[in-house]
Amino acid sequence: MRKCMLLFICIVISFFLVGCLLSNSPNEPPEITITIKDEKIDYVFAKNQWNRSEYDRESTFVTILKELPESDIPYFENGSIVEIVFESNPPNEFYVSDILIDETGRPIYTDKEIKNIPVKLTNGKCQFEIEYHFAYALSSYYAPDKKSIRGFRMIASWCENECEYAFVVKTGSTL
């Protein structure tokens, strides 16, 4: 019985490894297009691990905000739809996180206040709605016209290769 179970596990692992080797894992992270309300959104990407190398780098949000003045961060109302399109080689796995960040690109709160957004890539495309972020309620400073900086981190994986795409926008703090 144990030999059968061990054989079954080995076969499953083999199928996974062969699938990864035969997949369309790109040589470099592919370009994407991000649009909100027909406006093309600038983004950055950085490798986390690629071709068996791990990368130690600064936060993608810090990288963006070093070059983008706060006054140039685009503003969108909650409820706006984000569309992401992979130009080629869509990843096997794709995750999106919504993080409240400060003007330097650092998260305002802890990892517990990161909002994970469920998305599903279909033909290399996905959409999600920019919703009210529950961590707005943690701030003791309230103003009806307050605008917050939101960082959207997208982790894309092609088997063992993984990179991070990121963009920032401002949104209102009301529902």
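Refer to the structure presented above.
Residues numbered from 1 in each chain as written. Predicted model: local features only at pLDDT ≥ 70, side-chain atom pairs only at ≥ 80, totals over all residues. Heavy atoms only, no water.

Enquirer: Even after reading the chapter, I still don't get the overall build of the protein, so can you show me in this structure?
Expert: Helix and strand content of the protein: two helices and ten strands. If you list the helices and strands of the protein from N to C, you get α-β-β-β-β-α-β-β-β-β-β-β. Residue burial in the protein is summarised as follows: out of 175 residues, 40% are buried. (Helix = DSSP H or I, 4+ residues; strand = E, 2+ residues; numbered from the N terminus. Buried < 20%, exposed > 50% of the residue type's maximum accessible area, 1.4 Å probe, protein only.)

Enquirer: Whenever I open this one, the pattern of salt bridges confuses me. Can you help?
Expert: Pairing is possible between side chains of opposite charge, provided their charged atoms come close. For the structure shown, the criterion picks out seven salt bridges. Note that Glu-58 and Lys-66 form a salt bridge whose closest N and O atoms lie 2.8 Å from each other. The exposure class of Glu-58 is partly exposed, given its relative accessible area of 34%. A salt bridge links Glu-70 to Lys-170, with the nearest nitrogen and oxygen atoms 3.8 Å apart. Of this pair, Glu-70 sits in the loop between α2 (60-67) and β5 (81-86) while Lys-170 sits in strand β10 (residues 161-172), and the two are 100 residues apart along the sequence. (Salt bridge = Lys/Arg side-chain N within 4 Å of Asp/Glu carboxyl O.)

Enquirer: So what exactly am I meant to see when it comes to the packing of aromatic side chains here?
Expert: Aromatic rings considered in pairs are described by the distance between their centres and by the relative angle of their planes. Going through the model one piece at a time under the given rule, you end up with eight aromatic pairs. Between Phe-128 and Phe-152 the ring centres are 5.7 Å apart and the planes differ by 40°, which places this aromatic pair in the tilted class. Of the two residues, Phe-128 sits in strand β8 (residues 125-129) while Phe-152 sits in strand β9 (residues 147-158), which places them 24 residues apart along the sequence. Owing to a relative accessible area of 5%, Phe-128 belongs among the buried residues under this scheme. Members of the aromatic cluster, joined through ring pairs, are Tyr-43, Phe-45, Trp-50, Phe-86, Phe-94, Trp-158 and Tyr-165. (Phe/Tyr/Trp six-rings, centres within 6.5 Å; stacked < 30°, edge-to-face > 60°.)

Enquirer: Explain the sheet that holds strand β3 (residues 44-50) here, please?
Expert: One open sheet accounts for six strands, arranged β4-β3-β10-β9-β6-β7; its pairing is antiparallel. Of all the strands in the sheet, the pair left with one neighbour each is β4 (53-54) and β7 (115-117). Relative to the sheet, α2 contacts β3, β6 (93-101), β9 and β10, its axis offset from that of β10 by approximately 55°. (Pairing = 2+ DSSP bridges. Contact = heavy atoms within 4.5 Å. Axes fitted to C-alpha atoms, helices over the stretch in contact; angles between N-to-C directions.)

Enquirer: Got a minute to help me understand the side chain of Lys-47 in this structure?
Expert: Here Lys-47 shows up in strand β3. The class for Lys-47 is buried, based on a relative accessible area of 16%. Separated by 2.7 Å, the side chains of Lys-47 and Glu-28 make a polar contact. Once you skip the residues sitting within four places of it in the chain, Lys-47 turns out to touch Glu-28, Pro-29, Tyr-55, Arg-57, Glu-162 and Cys-163. (Polar contact = N/O pair within 3.5 Å; in protein donor to acceptor, adjacent residues only side chain to side chain.)

Enquirer: Where do I start with the sheet that holds β8 in this structure?
Expert: The strands making up a sheet associate through backbone hydrogen bonding, with each pair oriented either parallel or antiparallel. Here four strands make up an open sheet; going across it, the order is β2-β1-β5-β8 and the pairing antiparallel. In this open sheet, the two edge strands, each paired with only one partner strand, are β2 (39-40) and β8. Examined bridge by bridge, β5 and β8 share five bridges and lie antiparallel to one another. Looking across to β8, one finds that Ile-84 is bridged to Cys-126.

Enquirer: Where do I start with empty space enclosed by the protein in this structure?
Expert: Over the atoms, a rolled probe matching the size of one water molecule traces out where space is still vacant. If you walk through the whole model with that rule in mind, you get one cavity of 30 Å³ or more. In this structure, the largest cavity spans a volume of roughly 30 Å³. Lining of the largest cavity is provided by Ile-99, Leu-100, Pro-107, Ile-108, Tyr-109, Thr-110, Glu-113, Ile-114 and His-133. Across the lining of the largest cavity, the residue classes break down as six nonpolar, two polar and one charged. (1 Å grid on protein atoms, 1.4 Å probe; cavity = no way out; pocket = protein on both sides within 12 Å on 5 of 7 lines; lining within 4 Å. Points joined across faces, edges and corners; volume = space filled by probe spheres on them. Nonpolar A, V, L, I, M, F, W, Y, C, P; charged D, E, K, R; others polar.)

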